[in-house]
Amino acid sequence: MYIGPYQLSNNLIVAPMAGVTDRPFRTLCKYFGAGHAVSEMMTSDQTLRMSKKSLYRANFDGELAPISAQIAGSEPSELAEAARYQVANGAQIVDINMGCPAKKVCNKLAGSALLKDEDLVARILDAVVKAVDVPVTLKTRLGFMNGHENIMRVAKRAEEAGIAALALHGRTREDMYLNTARYSLIKEVKQTLSIPVIANGDIDSPEKAKYVLDYTGADAVMIGRAAQGRPWIFREIAHYLETGEHLIAPDIQEVKDVLLGHLSELYQFYGEYSGCRIARKHIAWYTKGLRFSNEFRQSMYKVESTLEQAKVVEDYFNHLLDQGSVMSDVQVEVVNLLETK
C-alpha cells in the first residue's frame, strides 16, 4: 500500500489515540510489525503549540519513516498553518482528524463535529492539501448521527480535494465507542473511491482483520484499542494474513521483557514525574487478565517513582514466573470449580 510516494511495509496501521500513541508506543508497534503509525492528535491552536503536551506529541526524533502527524481544529487557515508547521517539524504525511468523538473536541466544532458542516469540511480539506507538498490523509467516521450518515459525500469530496488516503471508523459520532462497528459503508466507500481506504473499528484479532479486509475490500486495517498492552497484535495479524495460521501467544517472560522495555522508553521520553504517571495505564493494559493482577494494580497505582514502579512490575512478573502459571483469576476459578465436581 502507498500513501503518496511512501510504500508501507504492510497494510497494518496503528490508529492515532490521544494519550496513547506517543513516540515510544508508535516505535514499539512498528517493532512488532505495524506498517505505519499516526501520531496523537495535535491542536491547530497556535497558542498551545509550545505547551509541554504539544511538544511531546510533536516529537518524532529517530522515528521510522514515514512520519505522520495528525492535526485537529475547525478553522481552515489554522489547520493549514498547523500542517506547514508539522512538515517543518519533520512530518512526511499530515493527517486531518475528523473522527474524534470526545466532547471537549466536538464542543470546539472539531473532530467528528465537523461532519455536521460539509461546506466547512470541504474548505478544510482544500486549505490543508494546498498548504503542504506532502501527502494529506483524512481520519473520519460514518457521520455525526445515526440515520444521517454522510460519509459517501465526504469521502468523494476528500478525493476531489487531493486527499491521499482515507481512514474510516465504522461508527458515527453518536455511537462514540459503543454499539458494533459497521463495515457496509466502508465497503461502499472503497468501491467508489480510487484512493486507498483504511478500515477501522473493532479490529481486535487476526480473524477479524482478515474478515474486514475481505468484506470491505479495504487497502489496510487500522488498529487502536486492541493494541493497548498488546503491541504484538500486529505480529499476530501479519502472520495470520500471510499463512492462515496462529502464532503462539507471547509467554509471560516475553510480556515482562516487552513491558519493562516500554517503561524504560516512557521514563526516558517523559522524565520522572510524567513518566511514572503515564506508565500506569500501560501497565494496567499489559497485566489485564493475568493472575493476581487486580491486587497488583491497586498497589502499583500508589507508587510515586519510576524506580519503584519498575521494581514492583518486575517483582509481579517474577512471582508469576515462580508460580509457573499465568492463568487469569477467571481461569483459576473455572479450574477450581471443575476440580470440585
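Numbers given for residues are sequential positions, taken from 1 along each chain in its written order. Reporting of local features is limited, given that this is a predicted model, to residues whose pLDDT is at least 70; pairs of side-chain atoms are given and counted only at 80 or more, and all residues count toward the totals for whole chains, interfaces and linings. Side-chain descriptors were evaluated using all non-hydrogen atoms of the structure, hydrogens and water having been removed beforehand.

1. Digging into the overall build of the protein chain
This is how the line gets drawn: Note on conventions: DSSP H or I runs of at least 4 residues are helices, E runs of at least 2 residues are strands, and numbering of each starts at the N terminus. For the radius of gyration, the atoms used are the C-alpha atoms, and the globule rule reads 2.2 Å times the number of residues raised to 0.38. Burial classification: accessible surface area is computed with a 1.4 Å probe over protein chains only, and a residue below 20% of its type maximum counts as buried, one above 50% as exposed, and the rest as partly exposed.
Secondary structure summary: the protein chain contains 14 helices and 10 strands in total. The globule rule puts the C-alpha radius of gyration for 341 residues at 20 Å, and the 21 Å found for the protein chain is close to it. In terms of its C-alpha atoms, the protein chain occupies a principal-axis envelope of roughly 65 × 45 × 35 Å. Relative to its 341 residues, the protein chain shows a buried fraction of 54%.

2. Some thoughts on the nonpolar core
So the rule is basically this: Side-chain atoms within 4.5 Å are what join buried Ala, Val, Leu, Ile, Met, Phe, Trp, Tyr and Cys residues into a set we call a nonpolar core.
Ranked by internal contacts, the top residues of the largest apolar core, which has 61 residues, are I96, L125, V128, L138, I163, I223 and F234. With 24 residues, the next largest nonpolar core counts I252, Y270, A279 and F317 among its residues.

3. Section: the pairing of strand 10 (residues 220-223)
Operational definition: Only strands joined by at least two bridges in the DSSP assignment are considered to pair. Handedness of a crossover is defined as follows: with both strands directed away from the viewer, a clockwise route from the first strand across the helix to the second makes it right-handed.
Here strand 10 shows no split at all, with A220 and M222 on one side and V221 and I223 on the other all buried. Direction of pairing for strand 3 (residues 12-14) relative to strand 10: parallel, over a ladder of three bridges. Following the sheet pairing, I13 is matched in strand 10 by M222. When strand 9 (residues 197-200) meets strand 10, the two strands line up parallel, connected through three bridges. Bridging across to strand 10, I198 finds its partner in A220. Regarding the hand of the β-α-β motif, the stretch spanning strand 9, helix 8 (residues 206-216) and strand 10 is right-handed.

4. Let's talk about the packing of aromatic side chains
This is how the line gets drawn: Stacked, edge-to-face and tilted are the three classes for Phe, Tyr and Trp ring pairs, Trp counted by its six-membered ring, which pair at centre distances within 6.5 Å; planes under 30 degrees apart are stacked, over 60 edge-to-face, the rest tilted. Here, a charge over a ring means that NZ of Lys or CZ of Arg falls within 6 Å of the ring centre while also lying within 35 degrees of the ring normal.
Summed over all chains, the structure comprises eight aromatic pairs. Judged by centre distance (6.4 Å) and plane angle (70°), the ring pair of Y183 and Y211 falls under edge-to-face. One end of the pair, Y183, is in the loop between strand 8 (165-169) and helix 7 (184-192); the other, Y211, is in helix 8, with 28 residues separating them in the sequence. The class of Y211 is partly exposed, set by a relative accessible area of 42%. Through a chain of ring-to-ring contacts, three or more aromatic side chains come together here, namely Y31, F32, W232 and Y286. Against the face of F144 rests K116, its NZ or CZ located 4.7 Å from the ring centre. Stacked on the ring of Y215, the Lys or Arg K187 has its end atom at 4.7 Å from the ring centre.

5. Regarding the confidence of the model for the protein chain
Definition in use: Within a predicted model, pLDDT stands for the predictor's per-residue confidence, ranging from 0 to 100. Whether two residues are in contact is decided by their heavy atoms, any of which lying within 4.5 Å being enough.
With 92% of its residues at a pLDDT of at least 70, the protein chain reaches an overall mean of 91. Predicted confidence is poor over residues 326-341, with pLDDT under 50, and the contacts of this stretch with residues over four places away or in other chains come to 19 contacts.

6. What to know about the layout of surface pockets
Selection rule: The distinction between a cavity and a pocket rests on a 1 Å grid over the protein atoms alone: a 1.4 Å probe fits inside a cavity but cannot get out, while a pocket stays open yet meets protein on both sides within 12 Å along at least five of seven lines, and a residue with an atom within 4 Å of a point counts as lining. Grid points are joined across faces, edges and corners, and a volume is the space filled by probe spheres set on the points. Under this grouping Gly is polar, as are all residues other than the nonpolar Ala, Val, Leu, Ile, Met, Phe, Trp, Tyr, Cys and Pro and the charged Asp, Glu, Lys and Arg.
Approximately 1,200 Å³ is the volume attributed to the largest pocket. Lining the largest pocket are 42 residues, and of these A18, M41, N97, C100 and V105 sit closest to its centre. When contributions to the lining of the largest pocket are tallied by element, the ones reaching two or more residues are strand 4 (36-43), helix 2 (52-57), strand 5 (68-72), helix 4 (103-106) and strand 7 (136-141). Residues that form the lining of the largest pocket fall into these classes: 17 nonpolar, 14 polar and 11 charged. When its volume is computed, the second largest pocket comes out at roughly 190 Å³. Contributing to the lining of the second largest pocket are 11 residues, with K53, Y56, R57, Y270 and I278 lying nearest its centre. Sorting elements by how many residues they give to the lining of the second largest pocket places helix 2 first, with four residues. Classifying every residue of the lining of the second largest pocket gives three nonpolar, two polar and six charged.

7. Quick look at the packing of helix 10 (residues 252-270) against helix 13 (residues 306-323)
Where we set the bar: An axis is simply a line fitted to the C-alpha atoms; with a helix, the fit covers only the stretch in contact. Between two such axes, the angle follows the N-to-C directions and lies from 0 to 180 degrees. Any angle that is under 35 degrees is reported as roughly parallel, and any over 145 degrees as roughly antiparallel; angles of 65 to 115 degrees are reported as roughly perpendicular and all others as oblique.
As a packed pair, helix 10 and helix 13 sit with axes 10 Å apart at the nearest point and diverge in direction by 175°. Classified by the angle their axes make, helix 10 and helix 13 are roughly antiparallel. Every residue of helix 13 that contacts helix 10 at I252, Q253, V255, K256, L259, L260, L263 and Y267 is listed here: T306, Q309, A310, V313, E314, F317, N318, L320 and L321.

8. Focus: helix 6 (residues 151-161)
Put simply, the test is: Relevant arc is that of directions from the helix axis to the C-beta atoms, nothing else.
Regarding helix 6, the residues found buried are I151, V154, A155, A158 and A161. Looking straight down helix 6, one finds that the buried residues subtend no more than 125° of arc, so they occupy a single side. Within helix 6, the exposed residues directed more than 90 degrees away from the buried face are R153 and E160. G162 occupies a position one or two residues after helix 6 and carries a positive phi of about 100°.

9. Structural notes on empty space enclosed by the protein
Within this structure, the stated rule accounts for two cavities of 30 Å³ or more. Approximately 80 Å³ is the volume attributed to the largest cavity. In terms of lining, the largest cavity is formed by 14 residues, of which the most central are V38, D95, T137, I198 and M222. Its residues assigned to classes, the lining of the largest cavity shows nine nonpolar, three polar and two charged.

10. Looking at the sheet that holds strand 6 (residues 93-98)
Pairing is parallel in the closed barrel, where eight strands are placed in the order 3-4-5-6-7-8-9-10. Each strand of the sheet is rotated relative to its neighbour by a mean of 25°, with strand direction disregarded. In this structure, strand 3 lies alongside strand 4, joined through two bridges in parallel fashion. Note on strand 4: the bridge partner recorded for I13 is H36. Where helix 3 (residues 76-88) meets the sheet, it contacts strand 4, strand 5 and strand 6, and its direction lies at approximately 155° from that of strand 5. Contacts from helix 8 reach strand 9 and strand 10 within the one sheet, and its direction differs from that of strand 10 by about 140°.

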